[in-house]
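# Tertiary structure, described
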Amino acid sequence: MGELLERTLPAMGYELVDWESAARGGLVRVFIDKPAGIDVEDCARVSHHLTHLFAVEQVAYDRLEVSSPGLDRPLKKAGDFVRFAGEEVKLTLRESVDNAKRIKGVLRGVDGDCVLVDTETGRRTIAIANIDKARLVPKIEWRQTK
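Below is a short write-up of the structure. Note that the structure is a prediction, hence the values are computed from the model and not measured.

Criteria and thresholds
Residues numbered from 1 in each chain as written. Predicted model: local features only at pLDDT ≥ 70, side-chain atom pairs only at ≥ 80, totals over all residues. Heavy atoms only, no water. Helix = DSSP H or I, 4+ residues; strand = E, 2+ residues; numbered from the N terminus. Buried < 20%, exposed > 50% of the residue type's maximum accessible area, 1.4 Å probe, protein only. Pairing = 2+ DSSP bridges. Expected span 1.5 Å × (residues − 1). Arc of directions from axis to C-beta. Polar contact = N/O pair within 3.5 Å; in protein donor to acceptor, adjacent residues only side chain to side chain. Contact = heavy atoms within 4.5 Å.

Turning our eyes to something else, we now look at unusual backbone geometry. With the exception of glycine, the majority of residues adopt a negative phi angle, and the majority of peptide bonds are in the trans configuration. Positive phi, close to 55°, is recorded for Asp 98, a residue that is not glycine. The topology assignment puts Asp 98 in the loop between strand 4 (88–97) and strand 5 (100–111). Residue classification places Asp 98 among the exposed residues on the basis of a relative accessible area of 59%. Positive phi outside glycine occurs at Asn 99, with the angle close to 65°. By the secondary structure assignment, Asn 99 is in the loop between strand 4 and strand 5.

Let's shift gears to the environment of Ser 96. As for its position among the elements, Ser 96 is in strand 4. Of the residues examined, Ser 96 reaches a relative accessible area of 46% and is grouped as partly exposed. With 34 residues separating them along the chain, Ser 96 and Asn 130 place their C-alpha atoms 8.8 Å apart.

As a further point, take the pairing of strand 4. Pairing geometry for strand 4 and strand 5, over six bridges, is antiparallel. Note that in strand 5 the partner of Lys 90 across the bridge is Lys 104. A loop of two residues connects strand 4 with strand 5, the two strands running antiparallel in sequence, and Asp 98 in this loop sits at a positive phi of about 55°. Taken together, the five bridges between strand 4 and strand 8 (residues 131–136) define a ladder with antiparallel strand orientation. By the bridge assignment for strand 8, Thr 92 is matched with Lys 133.

This part is about helix 2 (residues 40–57). Along its 18 residues, helix 2 runs 25 Å from first to last C-alpha, staying within 8% of the 26 Å computed at 1.5 Å per residue. Buried within helix 2 we find Asp 42, Cys 43, Val 46, Leu 50, Leu 53 and Phe 54. Buried residues of helix 2, viewed axially, fall in a sector of 100°; they line one side. Helix 2 presents Val 40, Glu 41, His 48, Ala 55 and Val 56 as exposed residues on the side facing more than 90 degrees away from its buried surface. Its side-chain oxygen at 3.1 Å from the backbone nitrogen of Glu 41, Asp 39 defines the N-terminal cap of helix 2. Looking one or two residues beyond helix 2, the residue adopting positive phi is Gln 58, at roughly 55°.

Let us look at the environment of Gly 122. You can see Gly 122 is positioned in strand 7 (residues 122–127). Judged by relative accessible area, Gly 122 falls into the partly exposed class, the value being 27%. A sequence separation of 17 residues divides Gly 122 from Gly 105, and the C-alpha atoms of the two residues are 9.3 Å apart.

Right, let's get into the side chain of Arg 124. For Arg 124, the location among the structural elements is in strand 7. The class of Arg 124 is buried, set by a relative accessible area of 15%. A polar contact is formed between the side chain of Arg 124 and the side chain of Thr 121, at a distance of 3.4 Å. With residues near it in sequence (within four places) discarded, Arg 124 still touches Val 97, Asp 98, Ala 100, Ile 103, Val 115, Leu 116, Val 117 and Thr 119.

In structure tokens:
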């Protein structure tokens, strides 16, 4: 299904961020993005299109959910680590680096097959293959009311 979504969504002007399928209950979740951000109309448009596409391609499912990746957007591809350079990230690693399996810091891009992250203890170079999960840390702005 991933290949079908990768072929379809960019032609519609969307990036496939992630997708998941639960065998139990037949749920398919699709997370999309675009430079200007995602709104309800985008989700409805993609949902409508995928409903027809899945019928034609005979993709079995009971329920389809289409949404934005959220404020804590997952980073999956090398291009994501380049695109979101300068943003704060949380990484969960497959194998420890400097006795740590969780790293939080400012993403500084990619160098070859590695991600560069500035942490409180200095710059870390993490192999992309060693990253189990990577997410943006949401920016929360507090406004004081009078």
